[in-house]
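Overview (structure and organization)
The primary structure of each chain is shown beneath.
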Amino acid sequence: MQCLECGTELQRLENEHLFSCCGLTLHEYALRHHMPLDLILSPDQINVADRVMDYARASACPGETARSLLQGFRLAGLLKDEGEFTVLPGDVRRLDLLLWNLQYLKDFGFRFRQEYRFDTATNRVVADNRLKARRSNLARQYGMELSLVPPPDFLMALAGCIAQVGELHAGYLFIPVPGRRDAQEIIGSLKRLRNISMVMLETGEPGGGVMLRSHRRADSDRLFESLRELLQMMPGVWERFHVTTPEVTVVKELVFDSAHFITDHPAKCSNLHGGRYTLQVKVAGRIDPVTGCVIDYGYLKRVVNQRVVDRFDHHNLNFVASELAWRSSTEMLCVYIWEQLIDYLPGMAELQLYETQQSWCHYSGPDLKSYQASGSSFLLHHFDELDVRSLQLREQIMDGQGGRLSVVA
Ligand SMILES: [Zn+2]
């Protein structure tokens with residue numbers, strides 16, 4: 001086999017050769033030369049069992065940065081136990097960040113591993129880039145770290161967490177946090193230390209976690225400013241959130257079957273009737289240079305299902321929400337759906353809602369900043385908020401004697 005980097009003829013390609021020849025790992029080499037790993041690796045390089053005895057024990061006194069980073073990875077739910085090992089998963093696009101973490105996490109006995117395994121689901125060889133340590137090295141550390149004395153540095157831990165799992169959408173920072181108590185701690189500490197507000201969103205995250213979002217764009221700015229020095233130390237992290245990339249609009253289409261009627265409608269729409277609605281949710285934003293995506297379609301689908309489809313599907317729209325009881329027109333539905341989603345999708349650019357294939361409308365509502373300033377549209381709240389008793393003319397409804405409603409026989 002010939003190395004495509006230096007032209008040397010080799011028995012087989014190994015990381016040892018590539019490191020000295022071009023500094024790439026086999027996985028990166030495969031991507032650079034768009035070759036499947038199956039072609040590059042020999043069978044004895046695949047599914048190699050790792051021996052725990054080859055891994056160091058933790059140092060007696062791990063450094064402060066190592067402790068804080070570990071806490072950050074625990075908050076992000078990234079540390080996974082695998083047999084006798086604890087693993088921090090990496091990403092081939094961000095090997096530099098993984099290796100930056102490693103220089104500190106060595107204190108806990110972590111090593112970098114690029115492991116190749118045959119994936120029976122896809123029938124191909126895949127590579128995992130990860131840091132690995134003896135599980136026993138961390139047993140005491142990441143169970144109850146908040147109670148350890150002294151506690152790990154909060155801002156460093158948060159920076160480590162954001163570097164791995166944070167995402168920026170329309171200027172709002174999103175952080176998925178698997179533990180609700182951890183999420184509360186983050187909210188409380190940021191408020192106390194830096195007067196930064198985060199809100200907790202229920203987004204149906206796998207495993208029952210929650211999503212933290214900066215309350216306002218100004219909170220994102222303050223948070224990035226507070227963490228600037230830490231994030232700038234980590235390779236590629238500050239750039240990831242701040243570099244200019246192309247803006248793209250992504251669209252998710254979902255359907256629901258609902259019945260409705262239009263109160264007072266002069267024609268047949270006053271009858272209860274049903275149909276299949278098609279909802280297209282469009283989200284615009286910059287491409288995240290690490291994920292290659294504007295937003296995860298899975299997240300988009302989860303949120304729209306949870307906030308809209310699961311509530312509307314196989315229901316009478318007039319009775320699903322008081323805001324729609326009077327007018328469940330597609331126009332009113334659009335305004336209502338927009339308000340259900342904007343907190344979760346601040347990059348939302350447009351909704352397109354089809355009541356039939358021949359009848360639809362589209363709507364671009366206020367962005368999150370304007371929505372926070374103006375609140376919910378008055379259109380939706382006529383019957384919610386109207387205090388009928390304050391309208392003196394209402395007395396005319398009464399017959400003036402027994403206080404009974406006039407009835408036309
Ligand atoms: Zn070479």
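What follows concerns the coordination of the zinc ion. Coordination of the zinc ion by the protein is provided by Cys3 (SG), Cys6 (SG), His17 (NE2) and Cys21 (SG), with metal-donor distances spanning 2.2 to 2.3 Å. Taken together, the four donor atoms surrounding the zinc ion define angles of 100 to 116° at the centre, an arrangement classified as tetrahedral. Donor residues for the zinc ion sit on one chain with the sequence pattern C-x2-C-x10-H-x3-C. Placement of both His17 and Cys21 in helix H1 (residues 15–21) is noted, with a separation of four residues, approximately one turn of the helix.

Moving on: the environment of Met156. Turning to its location among the elements, Met156 is positioned in helix H7 (residues 154–165). Assessed through its relative accessible area of 6%, Met156 is described here as buried. Here the alpha-carbon distance between Met156 and Leu230, two residues 74 residues apart in the chain, equals 6.8 Å. Discounting chain neighbours no more than four positions away, the residues touching Met156 are Thr65, Ser68, Leu69, Trp100, Leu230, Met233 and Met234.

Judged by nonpolar contacts, the single largest core of 50 residues is most densely connected at Leu105, Phe110, Leu158, Ile175, Leu223, Leu227 and Met234. When residues of this core are assigned to their parent elements, the largest contribution, nine residues, is made by H7. Judged by nonpolar contacts, the second largest core, of 41 residues, contains Phe256, Leu279, Met348 and Cys361.

Moving on: helix H11 (residues 297–312). One turn of the α-helix equals 3.6 residues, which is why residues spaced by three or four share an orientation. Roughly 50° is the biggest bend found in H11, and it falls at Asn305. Those residues of H11 that sit buried are Tyr299, Leu300, Val303, Val304, Asn305, Val308, Val309 and Phe312. One or two steps after H11, the chain reaches His314, where phi turns positive at roughly 60°.

This part takes up the packing of aromatic side chains. Under the definition given, this model contains twelve aromatic pairs. Judged by centre distance (6.1 Å) and plane angle (20°), the rings of Phe312 and Tyr336 are stacked. Placement of Phe312 in helix H11 and of Tyr336 in helix H13 (residues 330–341) is noted, with a sequence separation of 24 residues between them. Look at Phe312 and you get buried, because its relative accessible area is 0%.

At Asn47, a position not held by glycine, the phi torsion is positive, near 55°. Checked against the element boundaries, Asn47 lands in the loop between helix H3 (37–40) and helix H4 (64–75).

Quick look at the packing of H4 against H7 now. The N-to-C vectors of H4 and H7 enclose an angle of 50°; their axes lie 7 Å apart at closest approach. It follows that H4 is oblique to H7 by the angle criterion. For the pair H4 and H7, the sense of crossing is right-handed. In this structure, H4 uses Thr65, Ser68, Leu69, Gln71, Gly72, Phe73 and Leu75 to contact H7, whose residues at the interface are Met156, Ala157, Gly160, Cys161 and Gln164. Considered class by class, the residues forming the contact of H4 with H7 number six nonpolar, six polar and no charged.

The next thing to look at is the sheet that holds strand S5 (residues 167–169). Whenever strands of a sheet pair, they do so through backbone hydrogen bonds, lying parallel or antiparallel. On the basis of which strands lie adjacent, the open sheet formed by four strands has the order S5-S6-S8-S7 and antiparallel pairing. The strands lining the two open edges of the sheet, one partner per strand, are S5 and strand S7 (198–201). Neighbour to neighbour, the strand axes of the sheet diverge by 30° on average, direction disregarded. Note that S5 and strand S6 (residues 172–177) share three bridges and pair antiparallel. Each bridged residue has a counterpart across the sheet, and for His169 the counterpart in S6 is Tyr172. Taken strand by strand, helix H8 (residues 180–194) contacts S6, S7 and strand S8 (210–214), and its axis lies near 160° from that of S7.

Attention now goes to the domain arrangement of the protein chain. Split by domain assignment, the protein chain resolves into domain 1 (1–45), domain 2 (50–238) and domain 3 (247–388). Taking only C-alpha atoms into account, the centre of domain 1 sits 30 Å from that of domain 2. Facing ten residues of domain 1, the contacting portion of domain 2 comprises nine residues. With both sides pooled, the region where domain 1 packs onto domain 2 buries about 820 Å², and carbon together with sulfur makes up 64% of that total. The largest per-residue losses of area from domain 1 upon contact with domain 2 belong to His27, Leu37 and Asp38, which jointly make up 48% of the total buried on that side. At the junction of domain 1 and domain 2, the tally comes to six residue pairs in polar contact (both at pLDDT 80 or more). Counting only elements with at least two residues in the side of domain 1 that touches domain 2, the list comes to helix H2 (26–32) and H3. Per-element tally for the side of domain 1 that touches domain 2: the top contributor is H2, with four residues.

Bringing the side chain of Ser328 into the picture now. With respect to the helices and strands, Ser328 occurs in the loop between helix H12 (317–320) and H13. One polar contact links Ser328 to His260, side chain to side chain, over a distance of 2.8 Å. A distance of 3.2 Å separates the side chain of Ser328 from the backbone oxygen of Phe261, its partner in a polar contact. Aside from chain neighbours lying at most four places away, what touches Ser328 is His260, Phe261, Ile262, Leu317, Asn318 and Leu333.

Criteria and cut-off values
Residues numbered from 1 in each chain as written. Predicted model: local features only at pLDDT ≥ 70, side-chain atom pairs only at ≥ 80, totals over all residues. Heavy atoms only, no water. Donors = N, O, S within 2.8 Å, 3.2 Å for Na, K, Ca; no water. Tetrahedral: all angles 85-135°; square planar, octahedral: opposite > 155°, others 65-115°. Helix = DSSP H or I, 4+ residues; strand = E, 2+ residues; numbered from the N terminus. Buried < 20%, exposed > 50% of the residue type's maximum accessible area, 1.4 Å probe, protein only. Contact = heavy atoms within 4.5 Å. Core = buried A, V, L, I, M, F, W, Y, C linked by side-chain atoms within 4.5 Å. Bend = angle between axes of the 7 residues up to and from the residue. Phe/Tyr/Trp six-rings, centres within 6.5 Å; stacked < 30°, edge-to-face > 60°. Axes fitted to C-alpha atoms, helices over the stretch in contact; angles between N-to-C directions. Parallel < 35°, antiparallel > 145°, perpendicular 65-115°, else oblique. Left-handed = near helix turned anticlockwise from the far one by under 90°. Nonpolar A, V, L, I, M, F, W, Y, C, P; charged D, E, K, R; others polar. Pairing = 2+ DSSP bridges. Domains from an automatic or database assignment. Buried area = accessible area lost by both parts, 1.4 Å probe. Polar contact = N/O pair within 3.5 Å; in protein donor to acceptor, adjacent residues only side chain to side chain.

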